[in-house]
Amino acid sequence: MFSETKLSYWGNQAFTPKSYLSSANSNSTNSLFREIQRKFEWNTENTLTYHNKFGLHNLNVLLGQGYYEYNISYGQNTTYKNLPTNNWQEASFNFDIAPSDKTSNAWDGKQTHKASYFGRVVYDYDNKYLFTGTIRRDGSSKFGRNNHWGNFPAMSLGWNVSNENFWPENNVVNSFKLRGGYGILGNDGIDNFQFANFLVAGSNYTFGDNIIHVGYAPSTLENPDLKWERTSQFNIAADLKVF
């Protein structure tokens, strides 16, 4: 079992004094600004392995499950204007100023999560014939209800030619292996909620009495079929160790 947590805090503070450089470059009010943000992420993985050697056969099997939470975050900032001091060392949010000179903003992060099931089989016969197969089934909150999950298999084959009985001993090529593989990778690197349909304000209208009513309209069409980006890769190679 493996678990990891990440917690971070950061922010900034700035004071802008009253200033006058010229009629076109002046600042008639001072201001004190402070911002604080927090972000928390965590994940856990659980794996089970099995290894056995029987005769000339070697077998290693791994099964696992993972869960990942991202961007559990929030932030807020506050600005005070017209403080009764123009010295940054004396500037403070403890000053009692008019409510109209106070502004504040707050926001929450867009939380996402992912779940995974995965397995791997590694097999070889007498260290001559090699096979590795993997499978992942990943689910992401970034996709529509029809395609939360994606399956991503991969496999590779290898042949240690230099371990065959017919391979002559020599001082030039000490090891020779042929190998090839094929796999599919998944990518969920898109913005959150691209599959969803949201209503946004701004579509005001008049009805009957010619009074303007606040209206809402869809920002985009829903796309429940938005799915994982899939990339496949195939390779063939030869490994040589000489001298």
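Placed above this text is the structure.
Just so it is clear, the structure is predicted and the values come from calculations on it, not from any experiment. (Residues numbered from 1 in each chain as written. Predicted model: local features only at pLDDT ≥ 70, side-chain atom pairs only at ≥ 80, totals over all residues. Heavy atoms only, no water.)

(A) Structural detail: the overall build of the chain. Looking only at helices and strands, one finds 0 helices and 15 strands in the chain. By the compact-globule yardstick of 18 Å for 243 residues, the chain is too spread out, its C-alpha radius of gyration being 31 Å. Over its C-alpha atoms, taken along the principal directions, the chain stretches across nearly 90 × 60 × 40 Å. Here the chain holds 243 residues, and the buried ones make up 26% of them. (Helix = DSSP H or I, 4+ residues; strand = E, 2+ residues; numbered from the N terminus. Rg over C-alpha atoms; globule rule 2.2 N^0.38 Å. Buried < 20%, exposed > 50% of the residue type's maximum accessible area, 1.4 Å probe, protein only.)

(B) Representation of the layout of surface pockets within the structure. In this structure, the largest pocket spans a volume of roughly 190 Å³. What lines the largest pocket is a set of 13 residues, and nearest its centre among them are Arg136, Asp138, Phe152, Leu185 and Gly186. Residue assignment for the lining of the largest pocket shows that the elements contributing at least two residues are strand 7 (112-125), strand 8 (129-140), strand 9 (149-160) and strand 10 (173-187). Split into classes, the residues belonging to the lining of the largest pocket amount to 7 nonpolar, 3 polar and 3 charged. (1 Å grid on protein atoms, 1.4 Å probe; cavity = no way out; pocket = protein on both sides within 12 Å on 5 of 7 lines; lining within 4 Å. Points joined across faces, edges and corners; volume = space filled by probe spheres on them. Nonpolar A, V, L, I, M, F, W, Y, C, P; charged D, E, K, R; others polar.)

(C) Spatial organisation of the pairing of strand 9. Looking at chain direction, strand 8 and strand 9 are connected through 11 bridges and run antiparallel. What sits directly across from Tyr129, in strand 9, is Trp159. Sheet analysis places strand 9 next to strand 10, joined by 7 bridges and oriented antiparallel. From the neighbouring strand, Gly158 faces strand 10, where its bridge partner is Arg179. (Pairing = 2+ DSSP bridges.)

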